[in-house]
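# Examination of the molecular architecture
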Amino acid sequence: MMEPEPSGQTGMVAEKPTQVSILLVDDEPANLLALEAVLGKLGQNLIKARSGKEALRHLIQEEFALIILDVSMPDMDGFETARLIRERDKNRLTPIIFLTAVGKSEHEIFKGYKAGAVDYILKPFVPEILRSKAAIFIELYEKTNQVRLLNEELKLHARDLEGANQDLKREVAVRQRAEQELRVSEEKLRELNVALEQRVAERTNALEEKARELGRSNAELQQFVHVASHDLKEPLRTINSFVQLLQMKLKGALDPEAEEYIKYVVEGAHRIQQLIGDLLSYTRLGAQSYSPQKVDLEKVLDNALSNLNIAIVESRAEIHRDPLPQLVADPTYMLLLFQNLIGNALKFRDKKPPRIRITARQKDDHWSFSVEDNGIGIDPQYFSKIFTVFQRLHSRDQYPGTGIGLALCKKVVEQQGGRIWVESQVGVGSNFSFTIPIKE
Ligand code: ADP
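What counts, and at which threshold
Residues numbered from 1 in each chain as written. Predicted model: local features only at pLDDT ≥ 70, side-chain atom pairs only at ≥ 80, totals over all residues. Heavy atoms only, no water. Helix = DSSP H or I, 4+ residues; strand = E, 2+ residues; numbered from the N terminus. Buried < 20%, exposed > 50% of the residue type's maximum accessible area, 1.4 Å probe, protein only. Near = heavy atom within 4 Å. Nonpolar A, V, L, I, M, F, W, Y, C, P; charged D, E, K, R; others polar. Core = buried A, V, L, I, M, F, W, Y, C linked by side-chain atoms within 4.5 Å. Contact = heavy atoms within 4.5 Å. Patch = residues over 30% accessible without salt bridge, like charges linked within 9 Å, V, L, I, M, F, W, Y side chains within 5 Å. Areas by Shrake-Rupley, 256 points an atom, 1.4 Å probe, with all protein chains shown as cover. Salt bridge = Lys/Arg side-chain N within 4 Å of Asp/Glu carboxyl O. pLDDT = per-residue confidence, 0-100. Pairing = 2+ DSSP bridges. Axes fitted to C-alpha atoms, helices over the stretch in contact; angles between N-to-C directions. Lys, Arg positive; Asp, Glu negative; His and termini not counted. Charge placed at Lys NZ, Arg CZ, Asp CG, Glu CD. Arc of directions from axis to C-beta. Parallel < 35°, antiparallel > 145°, perpendicular 65-115°, else oblique. Left-handed = near helix turned anticlockwise from the far one by under 90°.

### A short note on unusual backbone geometry
Cis geometry marks the peptide bond from K123 to P124, where omega comes out at -10°. Even without being a glycine, R316 presents a positive backbone phi close to 55°. Relative to the assigned elements, R316 resides in the loop between α8 (309-315) and β7 (318-321). Here R316 falls in the exposed class, since its relative accessible area comes to 60%.

Shown next as C-alpha cells:
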C-alpha cells in the first residue's frame with residue numbers, strides 16, 4: 001500500500017512508492033490464484049477477497065490503487081459490491097476492473113459502467129492485457145497521488161506565504177503608523193522651534209533696543225555730568241579765589257567767628273571740587289578708556305603707595321606685600337584699584353596704627369588679589385551697598401570722602417572681566433578681594 005509521504009514546508013514530491021495494493025475479488029479460489037499469478041509480476045501488494053463483504057472489509061482497512069472484481073458471485077454480485085464500494089467517499093474514484101464471462105448481455109456491461117467501473121475484462125482473460133491494464137491504473141494511481149501531494153505542498157506553501165504576507169502587512173501598518181507619528185512630532189518640533197526662534201528674536205530685539213536706550217541715556221548722562229561738572233568748576237574757581245583774596249585782605253581784621261565762617265566756605269568749595277573730580281573720573285571710565293596691555297603690578301603698587309605716602313607716614317601704617325605678577329590689564333585701572341583700596345584701609349582705622357597686607361594668588365584662569373586691614377570693619381548688611389555710588393556709612397566729620405571710590409573699583413574690575421567683594425568683621429578689620437582674568 002502506498003502511504004502519502006508526510007509533506008513538510010520544504011518537502012518535495014514524494015518518491016515513487018515501492019508497492020501499491022490491488023484488491024482481487026472472486027469467490028473461486030482458483031480464479032484468485034490465477035489472478036495472483038498474472039498480476040504477481042507487477043511486483044505490487046496483492047490482497048485477495050472471496051466475497052463482496054470481505055472486499056468491503058479490506059477497503060475499510062486500507063487503500064487500494066485498483067480493484068479487480070468478479071461479476072458473478074453468490075451472495076453479493078460484483079455490481080452490488082461495486083455500488084457499495086462507490087458509496088464510500090474514499091473509494092468514489094478507485095478504479096474497478098470487472099471480470100465477467102463471455103456472452104454476457106450488453107445490458108450487463110452497461111450496468112457495470114453505471115456502477116462506476118472503469119473497465120471490463122472478459123473471461124477467460126488474456127494475461128498480458130489484464131497486466132497492462134492493471135499497470136496503467138497503477139501508474140495513474142501513482143501519478144494522482146503525486147499530484148495530490150504536490151497540491152498539498154502547494155497549499156502549505158500558499159498558507160505560509162499568506163502568513164508571511166499578513167506579517168508583512170502588519171509590519172507595514174506599524175511602520176506607517178510610526179512614520180506618521182514621527183512626521184507629526186517632527187512637525188510639532190518644527191513649529192516649536194519656529195516659535196522659540198521667534199521668541200528669541202523678539203527678546204534679542206527688545207534687549208538690543210534696551211541696550212541702545214541704555215547706551216543713549218548713559219551717553220546723555222555722561223555728557224550731562226561732564227557739562228555740569230565743567231560748568232560747576234568755573235564758578236567754584238571764582239568762589240575759591242575770591243574767598244582766598246578776602247582771607248588775605250581781611251587778615252587780622254576779622255573776629256575768630258568770621259574767620260571760621262570763611263574756613264567753612266573754603267572747605268566746602270574744596271569738597272565740591274573733589275566730588276566733581278571723582279564724578280568726572282567715574283563717568284570717564286568705560287569701554288572707550290579701557291586699554292589693556294602687559295602691566296608690571298609691582299610698579300603699579302609702588303606708584304599707589306607713593307601717592308599715599310603722606311597718609312602712610314601720618315598713620316604710621318605697616319604695609320606687607322606679596323610679590324605681584326605681570327599681567328595683561330589696564331595700568332590706570334590697576335593704579336586706581338590699589339590706590340582706592342589701600343587709601344580706604346588707611347582711612348577707616350581706629351586708634352591703632354593700620355596694618356595692611358596686600359596678597360596675590362594665581363588660580364586656574366585668573367589672579368586673585370586682596371587688600372586686608374585691621375581697621376574699623378563693616379557690618380555684613382552693607383557689603384553690597386558700599387559698592388554703589390555715594391553710599392557711605394559714616395559722616396564726613398568722622399571720615400572724609402565722596403562715596404565714589406568703591407563704585408569706581410567695581411567698575412574697573414568688571415570692565416576687565418573680574419569681580420570684587422568684601423569680607424569683614426566690625427572692630428576686627430576688612431578684606432577687599434578682586435580677580436583679574438589671565439589674558440594672553
Ligand atoms: P569713601 O571712601 O569716599 O567714603 P568708598 O566708596 O571708597 O567711599 O567707600 C564707601 C564706604 O565703604 C565708606 O564710606 C566706608 O563706610 C566703607 N569702607 C570702605 N572701605 C573700608 C574699609 N577698608 N574699612 C571699613 N569701611 C570701609
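From this point on, the discussion continues.
### Quick notes on the site of the ligand
Looking at the ligand, there are 21 residues lining it, with N344, D373, R392, G403 and L406 nearest. Contributions of two or more residues to the shell around the ligand are made by α9 (331-347), α10 (405-415) and β12 (429-437). A per-element tally of the shell around the ligand places α9 first, with three residues. Here the shell around the ligand is composed, by residue class, of nine nonpolar, nine polar and three charged.

### Notes on the nonpolar core
Counting residues in hydrophobic clusters, the biggest one holds 42 residues, and the most contacted among them are L297, M334, L337, F338, I342, F369 and F434. Among the elements of the structure, α7 (297-307), β8 (326-329), α9, β9 (355-362), β10 (366-372), α10, β11 (420-425) and β12 are those that each provide at least two residues to this core. At eight residues, α9 tops the list of elements feeding residues into this core. Not counting residues up to four positions away in its chain, the partners in contact with F369 are L297, L324, P325, L327, F338, T359, A360, F432, S433, F434 and I436.

### Some thoughts on the environment of L406
Within the element layout of this structure, L406 appears in helix α10. Linking L406 and I276, residues 130 residues apart in sequence, is a C-alpha distance of 16 Å. With near-sequence residues (within four places) excluded, L406 lies in contact with L341, N344, I386, F387 and F432.

### Some details on a nonpolar patch on the surface
On the surface, F242, L245 and M248 cluster together into a nonpolar patch covering about 360 Å² of accessible area. Structurally, the position occupied by F242 is in helix α5 (residues 127-249). Judged by its relative accessible area of 54%, F242 falls in the exposed class.

### Side note on the confidence of the model for the protein chain
Confidence along the protein chain averages 87 in pLDDT terms, with 92% of residues attaining 70 or more. Mean pLDDT per element in the protein chain: helix α4 (residues 106-114) is the minimum at 60, and β12 is the maximum at 97. Across residues 1-14 the pLDDT falls below 50, and counting only partners more than four positions away or on other chains, this stretch makes 30 contacts in the model.

### Topic: the environment of K351
Relative to the elements of secondary structure, K351 occurs in the loop between α9 and β9. Among the residues examined, K351 registers a relative accessible area of 84% and is labelled exposed.

### Concerning the sheet that holds β7
Read across the open sheet, the five strands follow the order β7-β9-β10-β12-β11; overall the sheet is mixed. Each of the sheet's edge strands pairs with one partner strand only, and the pair in question is β7 and β11. Shown here is a sheet whose adjacent strand axes are inclined to one another by a mean of 15°, direction ignored. Contacting β7, β9 and β10, α7 crosses the sheet at an angle of about 170° to β7.

### Description of the pairing of β11
Only one face of β11 is covered, namely the one carrying I420, V422 and S424; the face carrying W421, E423 and Q425 has none of its residues buried. Bridge analysis of β11 against β12 gives six bridges, and the strand direction is antiparallel. From the neighbouring strand, S424 faces β12, where its bridge partner is S430. Counted between consecutive antiparallel strands, the loop separating β11 from β12 contains three residues, among which G427 sits at a positive phi close to 85°.

### Looking at a negative patch on the surface
On the surface, a cluster of negative charge is contributed by D255, E257, E259 and E260. Position of D255 relative to the elements: it lies in the loop between α5 and α6 (256-284).

### Comments concerning helix α2 (residues 52-61)
Those residues of α2 lying buried are G52, A55, L56, H58 and L59. For α2, the buried positions fall inside an angular range of 160° around the axis, keeping them on one side. Summarising the geometry of α2, the exposed residues directed more than 90 degrees from the buried face are K53, I60 and Q61. Structurally, α2 contributes buried residues whose contacts are with β1 (21-25), β2 (45-49), β3 (66-70) and α3 (78-87).

### A closer look at the packing of α6 against α10
Packing of α6 against α10 leaves a shortest axis separation of 10 Å and a crossing angle of 15°. Considering their axes alone, α6 and α10 lie roughly parallel with respect to each other. Both α6 and α10 take part in a crossing whose hand is left-handed. Of α10, the residues touching α6 (which contributes S281, Y282 and T283) are A407, L408 and K411. In terms of residue class, the contact of α6 with α10 is made up of three nonpolar, two polar and one charged.

### A closer look at the packing of helix α1 (residues 29-39) against α5
For the pair α1 and α5, the least separation of the axes is 9 Å and the interaxial angle reads 70°. Judged by the inter-axis angle, α1 sits roughly perpendicular to α5. Crossing geometry of α1 relative to α5 is assigned as right-handed. From α1, L35, V38 and L39 reach across to α5, where they touch P127, L130, R131 and A134. Tallied by class, residues from the contact of α1 with α5 come to six nonpolar, no polar and one charged.

### Brief notes about the pattern of salt bridges
Throughout the structure, instances matching the rule amount to 21 salt bridges. The partner of R212 in a salt bridge is E209, and the shortest N-O contact between them spans 3.0 Å. Of this pair, R212 and E209 both sit in helix α5, three residues apart, which is roughly one turn of the helix. Judged by relative accessible area, R212 falls into the partly exposed class, the value being 45%.

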